[in-house]
Amino acid sequence: SLVGSEMCIRDSLGAGPGGAGAGRGLVNDRMKIFHCDGFPLPLPPGHRFPIQKYALLREAVMSAGLVPSESLTVPEPTSDEQILRAHDEDYLERVKHGQLSSKELRRIGLPWSSELVNRARCSVGGTIGACRAALREGMAVSLAGGTHHAFRDHGQGYCVFNDSVIAARTMQAEDGVGRAVIVDCDVHQGNGTAAILADDPTIFTFSIHGAFNFPFHKEPSDLDIGLEDGTGDDAYLEALRAGLERALELAQADLTIYLAGADPYAGDQLGRLLLSKAGLAKRDRLVFELCRGASLPVATVMAGGYGRPIEDTVDIHLQTVRIAAEF
């Protein structure tokens, strides 16, 4: 049974131990890591979005020595052609030229600037780069991405462009991928991803999230698991295993894009679940093990995390990268 959860499948479709210190000292000389914290994002003082986490995470990854320094790469920014595989041209042009309305910007939650556009392009480029590297090496990571609230014609929830959809469709168009699966373990449902891909049978969407958390209107993914507030490690992991096994069986994919949100953590301001850091490590290991068992390359992106102190979020993201480097 799925304890404390509700599983919903769209009608048309009919754990090893781990922790923050796991794998310490390991150097993976094949896994590529993409980062874009060098692209500044000016925000007003006191803004809620934790922009500092990205530079702190890259520094932590470098200090941990998980990969050789040359394996940390700034990605190529995504192109208009790639963005238009997921988004309307009118929306893209208004983003580029600062023509979004005040209402649209409030929905995104970030002030417009040319730096915002550059940063959003780089974030998508990191996911594309991680997908391409994962196809070669089996595993790759972007220290950004997971912008799953971006819809075809508007942004939402700190998300301008939907990196997972753009990357999956770019892999299909440019790299010979037939089918992909998006495994979304951010605490917030991937509503933009689900909406864009609602009529696309070649990309399977799986989201496990807080049932009563943002977004308050959920778009139907191919497979959704909505969890009660206060769900802890054991119930979460039980639900994830059952859901992911089903998702991989139904997806029959060639590539996984994994959104490894840090926000199911008990100490997250926006999470409302009660996972421990050790539980999140088991989550990551479970995803990687099931995907490896299905011979699926995995591109891992960071998605959300709003812990206070911010070091908690950085610890959780670093833990994800550390575990990825073991595979």
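Up top is the structure these notes are about.
Residues numbered from 1 in each chain as written. Predicted model: local features only at pLDDT ≥ 70, side-chain atom pairs only at ≥ 80, totals over all residues. Heavy atoms only, no water.

(A) Geometry of the overall build of the chain. When its secondary structure is counted, the chain shows 10 helices and 9 strands. The globule rule puts the C-alpha radius of gyration for 327 residues at 20 Å, and the 18 Å found for the chain is close to it. Projected onto its principal axes, the C-alpha coordinates of the chain cover approximately 50 × 45 × 40 Å. Sorting the 327 residues of the chain into buried and exposed places 59% on the buried side. When the 31 positive and 43 negative side-chain charges of the chain are each reduced to one mean point, those points stand 2 Å apart. (Helix = DSSP H or I, 4+ residues; strand = E, 2+ residues; numbered from the N terminus. Rg over C-alpha atoms; globule rule 2.2 N^0.38 Å. Buried < 20%, exposed > 50% of the residue type's maximum accessible area, 1.4 Å probe, protein only. Lys, Arg positive; Asp, Glu negative; His and termini not counted. Charge placed at Lys NZ, Arg CZ, Asp CG, Glu CD.)

(B) Here's a closer look at the packing of helix 9 (residues 277–293) against helix 10 (residues 310–324). The geometry of helix 9 relative to helix 10 is characterised by a closest axis approach of 10 Å and an angle of 30° between their N-to-C directions. Here helix 9 is positioned roughly parallel relative to helix 10, judged by the angle of their axes. In this structure, the crossing between helix 9 and helix 10 has a hand that is right-handed. The residues of helix 10 that touch helix 9, namely those facing Lys277, Leu280, Ala281, Arg283, Asp284, Arg285 and Phe288, are Asp312, Asp315, Ile316, Gln319, Thr320, Ile323 and Ala324. Grouping the amino acids of the contact of helix 9 with helix 10 by side-chain chemistry returns 6 nonpolar, 2 polar and 6 charged. (Axes fitted to C-alpha atoms, helices over the stretch in contact; angles between N-to-C directions. Parallel < 35°, antiparallel > 145°, perpendicular 65-115°, else oblique. Left-handed = near helix turned anticlockwise from the far one by under 90°. Contact = heavy atoms within 4.5 Å. Nonpolar A, V, L, I, M, F, W, Y, C, P; charged D, E, K, R; others polar.)

(C) Up close: unusual backbone geometry. A cis geometry characterises the amide bond from Phe214 onward to Pro215, with omega recorded as -5°. Within the fold, Pro215 resides in the loop between strand 6 (203–210) and strand 7 (223–227). The omega torsion across Arg308 and Pro309 is 10°, close enough to zero to call that bond cis. Residue placement: Pro309 occurs in the loop between strand 9 (298–301) and helix 10.

(D) Inspection of the pattern of salt bridges at higher detail. Applying the stated criterion to the full structure yields 19 salt bridges. Between Arg85 and Glu81 there is a salt bridge, with its nearest N and O atoms 3.7 Å apart. The exposed category is assigned to Glu81, whose relative accessible area is 54%. When the shortest N-O distance is used, the salt bridge between Arg283 and Asp284 registers 3.0 Å. A single burial state applies to Arg283 and to Asp284, both of which are buried. Salt bridges sharing common partners tie together Glu81, Arg85, Arg132, Glu174 and Asp175. (Salt bridge = Lys/Arg side-chain N within 4 Å of Asp/Glu carboxyl O.)

(E) Geometry of the packing of helix 5 (residues 114–137) against helix 6 (residues 163–174). In the contact formed by helix 5 and helix 6, the axes pass within 9 Å of each other and the chain directions differ by 45°. What the angle tells us is that helix 5 and helix 6 run oblique. Considering how the two elements wind past one another, helix 5 and helix 6 form a crossing that is right-handed. Taken together, the residues of helix 6 that come into contact with helix 5 (itself represented by Val124, Thr127, Ile128, Cys131, Arg132 and Leu135) are Asp163, Ile166, Ala167, Thr170, Met171 and Glu174. A breakdown of the residues in the contact of helix 5 with helix 6 according to their chemical character gives 7 nonpolar, 2 polar and 3 charged.

(F) Spotlight on the packing of aromatic side chains. On inspection of all chains with the given rule, the structure shows 7 aromatic pairs. Aromatic pair Tyr91 and Phe161: ring centres 6.4 Å apart, planes at 80°, arrangement edge-to-face. Placement of Tyr91 in helix 3 (residues 89–96) and of Phe161 in the loop between strand 4 (139–142) and helix 6 is noted, with a sequence separation of 70 residues between them. Classification of Tyr91 by relative accessible area gives buried; the value is 1%. Looking at Phe161, the relative accessible area reads 2%, which means it is buried. Ring geometry for Phe214 and Phe216: centres 6.2 Å apart, planes at 90°, overall edge-to-face. Put simply, the rings of Phe49, Tyr54, Tyr158 and Tyr306 touch in pairs and so form one group of aromatic residues. Cation over ring: Arg119 sits above Tyr54, and NZ or CZ is 5.1 Å from the ring centre. (Phe/Tyr/Trp six-rings, centres within 6.5 Å; stacked < 30°, edge-to-face > 60°. Lys NZ or Arg CZ within 6 Å of the ring centre and 35° of its normal.)

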